[in-house]
Amino acid sequence: MNVCLVSEMGAHVGEQVTIRGWVANRRSSGKISFLIIRDGSGFCQAVVEREALGEDYEEVRKLPLESSVELTGTVVAEPRSEGGVELHASGIKIFQKSEEFPIGKKEHGPDFLLGLRHLWIRSPRQVAILRIRDALVRHVRNFFHENGFTLIDTPIFTTTVGEDSSNLFSVEYFDLGRTYLSQTGQLYLEAAIFALGKVFCLGPTFRAERSKTRRHLTEFWMVEAEAAFSRHQDNLELQENFVSYIVQNTVRECSPELAKLQRDTEPLKKIEPPFHRLSYDEAVEVLRKNGSDIVWGDDLGGDDETILTQLYDKPVFIECYPRKAKAFYMKQHPERPELVLCADLLAPEGYGEIIGGSEREDDPEILMKAILDNGLDPERYGWYFDLRKYGSVPHSGFGLGIERTLAWICGLKHVRETIPFPRMLYRAYP
Ligand code: 4AD
Ligand code: MG
């Protein structure tokens, strides 16, 4: 038996092969049935005729969608088919005749589909998104490896608050009391630069955010990078090179999948350095002129990000936010102590923040004050202060959310389709 993947059939025209997969669609008449078979590598049409199959044909004629099958037949060139070939079947083995599949062709609401996420991921759109996610993550890793960064796997259980104590998930940890699920790997990456210079991590990140927006998950994947001797402006340059690389490579590799999502890729092809740069002060001015009620000192809201990103066709950095709107570790601005040397990167077409980054505070006194002002417990930061004692250096880094970036690349309205099993305020099943 010459078993092959659907994606390999093109190399076997005229030969007899066997494919294994699921019935994604079926059209039947008394004499002939057209099955669309999905095997994970692709979709292909199988033509099954009563004459070729004999008495097995009656089963095929009524075969429910999502039944699992093995089909043997001849590969025939068919330019009108996806992949350019189809299978003319001479035999079938049915592994399991599916029960009636709950997801049909009619429109289903998001809650219904999310509750059936374990089945929903089989649909062509979801398959395309998951493939693009795989490519994106691979290009993220490639960029860092090609640029001299070393992967550091940072812990999930932490005792040091990395960002903001208001959205922590806590876990009882044996006799040690409470630990938190990681909000960021950053502080651990900061330790690792003293060993390895340039490092990155890529892993799940947890935030107990009570936000029901199209941009928020409670569990998401973040890639973070950190580099010794890197200043604020170096950090922005790294980010624009990084984002351009991952977008260009993903778009090039995934054009069939993006076409399936009907994503117009022209705007993505324009993503190359340099990106726009706007100070926080300027951003507030632009926003107020465009109808926002933001006041100086506030962090940008989701609507503010949407307004700003519709003004530009490339990502835009918003630089130097007020200290009070940002996390404790950001380095104080040299001329304006009320600001920090940070930037958020907003993706165009209304997508908004995909990166948060900054130079890190290396002055232990300013750092201590920031920790206290944020209501954090300095005792838990002993190890972090050590990094400012033993060969401290200027350093910077950033974190990019995989799901928000994927939503932008795929042109999706909501991040819930960008992760295999989304975790949100009201959703932890399946
Ligand atoms: O801006 P954030 O909070 O930055 C950090 O965590 C830094 N420690 C990163 C660093 O400097 N090493 O988060 C970074 C990115 C955001 O820009 C966004 O893309 C994503 O993580 N993100 C979320 N994505 C989905 N759901 C959420 N609830 C998210 N929160 C942040
Ligand atoms: Mg942020």
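Residues numbered from 1 in each chain as written. Chains lettered and ligands numbered in written order. Predicted model: local features only at pLDDT ≥ 70, side-chain atom pairs only at ≥ 80, totals over all residues. Heavy atoms only, no water.

1. Some words on the sheet that holds strand 14 (residues 342-347)
Logical step 1: Spatial strand order, 6-10-11-16-15-14-13-12: eight strands in an open sheet with mixed pairing. A single partner strand is all that each edge strand has here, and the edge strands are strand 6 (150-151) and strand 12 (276-279).
Logical step 2: Against the sheet, helix 5 (residues 124-146) contacts strand 6, strand 10 (198-206), strand 11 (219-228) and strand 16 (395-401), and its axis sits at roughly 150 degrees relative to strand 10.
Logical step 3: Packing against the sheet, helix 10 (residues 280-289) makes contact with strand 12 and strand 13 (316-319), and its axis sits at approximately 85 degrees to strand 12. (Pairing = 2+ DSSP bridges. Helix = DSSP H or I, 4+ residues; strand = E, 2+ residues; numbered from the N terminus. Contact = heavy atoms within 4.5 Å. Axes fitted to C-alpha atoms, helices over the stretch in contact; angles between N-to-C directions.)

2. A word on the nonpolar core
Nonpolar side chains tend to gather and get buried jointly when the protein is soluble and globular.
Logical step 1: Formed by 57 residues in total, the largest nonpolar core has its most connected members in F144, V223, F242, V243, V247, L400 and W408.
Logical step 2: A per-element tally of this core places helix 5 first, with nine residues. (Core = buried A, V, L, I, M, F, W, Y, C linked by side-chain atoms within 4.5 Å. Buried < 20%, exposed > 50% of the residue type's maximum accessible area, 1.4 Å probe, protein only.)

3. Focus: the packing of helix 10 against helix 11 (residues 302-309)
Logical step 1: Running from N to C, helix 10 and helix 11 cross one another at 90 degrees; their axes reach a closest spacing of 10 Å. One finds that helix 10 runs roughly perpendicular with respect to helix 11. From helix 10, A283, V286 and L287 reach across to helix 11, where they touch D304, I307 and L308.
Logical step 2: The residue makeup of the contact of helix 10 with helix 11, split by class, is five nonpolar, no polar and one charged. (Parallel < 35°, antiparallel > 145°, perpendicular 65-115°, else oblique. Nonpolar A, V, L, I, M, F, W, Y, C, P; charged D, E, K, R; others polar.)

4. A word on the domain arrangement of the chain
Logical step 1: With domains assigned, the chain is organised as domain 1 (6-96) and domain 2 (117-417).
Logical step 2: Placing the centre of domain 1 and that of domain 2 at their C-alpha centroids yields a distance of 46 Å.
Logical step 3: If you look at the interface, domain 1 gives six residues, while domain 2 gives four residues.
Logical step 4: Buried area between domain 1 and domain 2, summed over both chains or domains, comes out near 420 Å², and the portion from carbon and sulfur atoms is 41%.
Logical step 5: It is R38, F43 and E66 in domain 1 that bury the most area against domain 2; as a group they hold 68% of the surface buried on that side.
Logical step 6: Joining domain 1 to domain 2, the criterion identifies two salt bridges.
Logical step 7: One salt bridge in this structure joins E66 and R122, with 2.8 Å as the shortest N-O distance. (Domains from an automatic or database assignment. Buried area = accessible area lost by both parts, 1.4 Å probe. Salt bridge = Lys/Arg side-chain N within 4 Å of Asp/Glu carboxyl O.)

5. Focus on the state of the cysteines
Throughout this description, disulfide means a covalent bond between two cysteine sulfur atoms.
Logical step 1: One pass over the structure, following the stated rule, counts zero disulfides.
Logical step 2: Left without a disulfide partner, C201 is nearest to the cysteine sulfur of C342, which lies 19 Å away.
Logical step 3: Under the relative-accessibility criterion, C201 is labelled buried at 4%. (Disulfide = S-S within 2.5 Å.)

6. Some details on the site of ligand 1
Logical step 1: Neighbouring ligand 1 are 23 residues; E163, Q186, E209, E224 and E353 lie closest to it.
Logical step 2: Between a nitrogen atom of ligand 1 and a main-chain N or O atom of L217, the distance comes to 2.9 Å.
Logical step 3: Note that a nitrogen atom of ligand 1 is positioned 3.3 Å from one of the side-chain N or O atoms of Y329.
Logical step 4: Notes on ligand 1: free accessible area 630 Å², of which the protein chains cover 94%.
Logical step 5: Where the shell around ligand 1 is concerned, the elements lending two or more residues are strand 11, strand 15 (352-359) and strand 16.
Logical step 6: Ranked by residue count, the leading element in the shell around ligand 1 is strand 15, at five residues.
Logical step 7: By residue class, the composition of the shell around ligand 1 is seven nonpolar, eight polar and eight charged. (Near = heavy atom within 4 Å. Polar contact = N/O pair within 3.5 Å; in protein donor to acceptor, adjacent residues only side chain to side chain. Areas by Shrake-Rupley, 256 points an atom, 1.4 Å probe, with all protein chains shown as cover.)

7. What to know about the packing of aromatic side chains
Logical step 1: Counted by the stated rule, this structure contains 19 aromatic pairs.
Logical step 2: Taking the centre distance of 5.2 Å and the plane angle of 65 degrees together, the rings of F157 and Y173 count as edge-to-face. Placement of F157 in strand 7 (residues 157-158) and of Y173 in the loop between strand 8 (170-172) and strand 9 (178-181) is noted, with a sequence separation of 16 residues between them.
Logical step 3: The class for Y173 is partly exposed, based on a relative accessible area of 25%.
Logical step 4: Measuring from ring centre to ring centre gives 6.2 Å for F328 and Y384, while their planes differ by 75 degrees; the resulting arrangement is edge-to-face. On the criterion of sequence distance, the pair formed by F328 in the loop between strand 13 and strand 14 and Y384 in helix 13 (residues 382-386) is long-range, its members being 56 residues apart. (Phe/Tyr/Trp six-rings, centres within 6.5 Å; stacked < 30°, edge-to-face > 60°.)

8. A short note on the environment of R61
Logical step 1: Along the chain, R61 turns up in helix 2 (residues 57-61).
Logical step 2: The exposure class of R61 is partly exposed, given its relative accessible area of 31%.
Logical step 3: Along the primary structure R61 and E319 are separated by 258 residues, whereas in three dimensions their C-alpha atoms are 63 Å apart.
Logical step 4: Each residue touching R61, except ones within four places of it in the same chain, is listed here: R26, S28, S29, G30 and S33.

9. Re unusual backbone geometry
Trans is the common state for peptide bonds, and a negative phi is the common state for residues other than glycine.
Logical step 1: Of the consecutive residues P273 and P274, the connecting peptide bond is found in the cis state with omega at -5 degrees.
Logical step 2: When you line up the elements, P274 lands in the loop between helix 9 (266-269) and strand 12.
Logical step 3: Located in the positive-phi region is Q262, a residue other than glycine, with phi close to 55 degrees.
Logical step 4: Its location among the elements puts Q262 in the loop between helix 8 (255-260) and helix 9.
Logical step 5: Exposure remark for Q262: the relative accessible area of 74% places this residue in the exposed category.
Logical step 6: At E349, a position not held by glycine, the phi torsion is positive, near 60 degrees.
Logical step 7: Along the chain, the position of E349 falls in the loop between strand 14 and strand 15.
Logical step 8: Overall, E349 belongs to the partly exposed group, its relative accessible area being 36%.

10. Some details on helix 14 (residues 402-410)
Logical step 1: Judged by how many residues are buried, helix 14 sits mostly within the fold: eight of nine residues are covered.
Logical step 2: Looking only at helix 14, the buried set comprises I402, E403, T405, L406, A407, W408, I409 and C410.
Logical step 3: Of the residues one or two after helix 14, G411 is the one with positive phi, at around 70 degrees.

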